[in-house]
Amino acid sequence: MSEAAVTDSGELLAEGGKGFVQDCSADRQAFHVPWGKAMMWIFLLSDTFIFSCFLVSYMKVRMSTTDPWPYPSEVFGLDVAGVSVPLLLIAIMTFILITSSGTMALAVNMGYRKDKKKTFWLMVATAALGASFVGMQAFEWTKLIMEGVRPWGNPFGAAQFGSSFFMITGFHGMHVTAGVIYLLVVANRVRTGFYERRGDNYEIVEIAGLYWHFVDLVWVFIFAFFYLW
Amino acid sequence: MAAEEGQQHPLTIYWYMWIALFVLSGFSYATDFMDPGYLRWTLIVTLMMLKASGIIFIFMHMGCERRALKLAILVPPVFICVLIWLMAIEADHTYLTRIEFFGESTMVPEAVHHD
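What you see is a predicted model; the values in this text were computed from it and never measured.

### Overview of the overall build of chain B
Looking only at helices and strands, one finds five helices and zero strands in chain B. When the helices and strands of chain B are placed in sequence order, the string is α-α-α-α-α. Expected size for 115 residues packed as a compact globule is a radius of gyration near 13 Å; at 21 Å, chain B overshoots this value by more than 25%. By its C-alpha atoms, chain B is 65 × 40 × 30 Å across when sized along the principal axes.

Structure representation (structure tokens):
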């Protein structure tokens, strides 16, 4: 058996489960931010790796296929009054997500000013913009599925296009959906004064904001690599 | 603490960031009208990085955090470059092997029609 561990001041540390809890809750701090914020950042870091894996695997299948890659500009184009506008819906979705990031940033600021009403309504606006984004994505998916795009093949080119598209945008859409629910829960608690009673200082609004901005951030990369490349 | 941190930002910086993101996204969208090539790819990546850093440093307040948190969150993603490099080598190998064994693609893609 190893020698019993002692602290810097010479106190004996407990073994087993109690020792585990003591170690994990030791009075040492690396990140001088509220713990929820540090944990959200670390979660977002892990999420960064998940989305990176998707985008890198997309790069890999696109580079290694011998079939021509479907031209996203045409595949995601929309016909407006008989004229084909490239990537129209995607552009609208991009601007909606940016706008929602803006309203979220304002909500965080209003939270720190303890303006409950404005925080609540700005968060609801953010969630509504997020929900409309998911709605447009559902429309996009429906359109592509009706035109014959499947995870295992499509009429416009390389078969890997469908699996990359559904995987990447599906996972992102899932994040947006989760974000909308998260925002509505937090917004409701802001409205009812839940955080005020707990004396939480509305840090939770900033933490929810971090998640929301991250969803926007991921879209910036998807937009560049999947839709524009 | 975070409470004062949030108040250091006057609202104007968010409006500017918002407008900047709109303009940059507009430019991004405009690259779609260019011919594929190194100029277009460089522009896509540059605009993407500008938008990403704006979101991270202004909207997510990473600019105001202490260095310990900045490094812990921003350095690990850099290692993704290694994964990209490895997978690019692998993809080249797969592509050449496919050409070798199956020959050039004979697929004729359908034209895209939106109804």
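### A closer look at the interface of chain A and chain B
Taken together, the 71 residues of chain A in the interface contact 62 residues of chain B. With both sides pooled, the region where chain A packs onto chain B buries about 5900 Å², and carbon together with sulfur makes up 73% of that total. For Lys37(A), the salt bridge is made with Glu65(B), and the minimal N-O distance between the two is 2.7 Å. Our count for the chain A to chain B interface comes out at nine residue pairs in polar contact (both at pLDDT 80 or more). Where the side of chain A that touches chain B is concerned, the elements lending two or more residues are helix 2 (35–64), helix 3 (72–75), helix 4 (88–112) and helix 8 (203–228) of chain A. Ranked by residue count, the leading element in the side of chain A that touches chain B is helix 4 of chain A, at 15 residues.

### Examining the side chain of Thr94(A)
With respect to the element layout, Thr94(A) can be found in helix 4. Non-local contacts of Thr94(A), meaning those with residues more than four positions away in its chain, are made with Trp219(A), Phe223(A) and Ser25(B).

### Comments concerning the pattern of salt bridges
As a working rule, side chains carrying opposite charge can pair if their charged atoms are close by. For the structure shown, the criterion picks out five salt bridges over all chains. Ionic pairing is found between Lys118(A) and Asp115(A), a salt bridge with its closest N-O pair at 3.9 Å. Between Arg40(B) and Asp32(B) there is a salt bridge whose closest N-O contact spans 3.4 Å. Residues Arg40(B) and Asp32(B) agree in their burial class; the two are buried. Ionic contacts of the salt-bridge type, sharing partners, join the residues Lys37(A), Glu206(A) and Glu65(B) into one network.

Rules used throughout
- Residues numbered from 1 in each chain as written.
- Chains lettered and ligands numbered in written order.
- Predicted model: local features only at pLDDT ≥ 70, side-chain atom pairs only at ≥ 80, totals over all residues.
- Heavy atoms only, no water.
- Helix = DSSP H or I, 4+ residues; strand = E, 2+ residues; numbered from the N terminus.
- Rg over C-alpha atoms; globule rule 2.2 N^0.38 Å.
- Contact = heavy atoms within 4.5 Å.
- Buried area = accessible area lost by both parts, 1.4 Å probe.
- Salt bridge = Lys/Arg side-chain N within 4 Å of Asp/Glu carboxyl O.
- Polar contact = N/O pair within 3.5 Å; in protein donor to acceptor, adjacent residues only side chain to side chain.
- Buried < 20%, exposed > 50% of the residue type's maximum accessible area, 1.4 Å probe, protein only.

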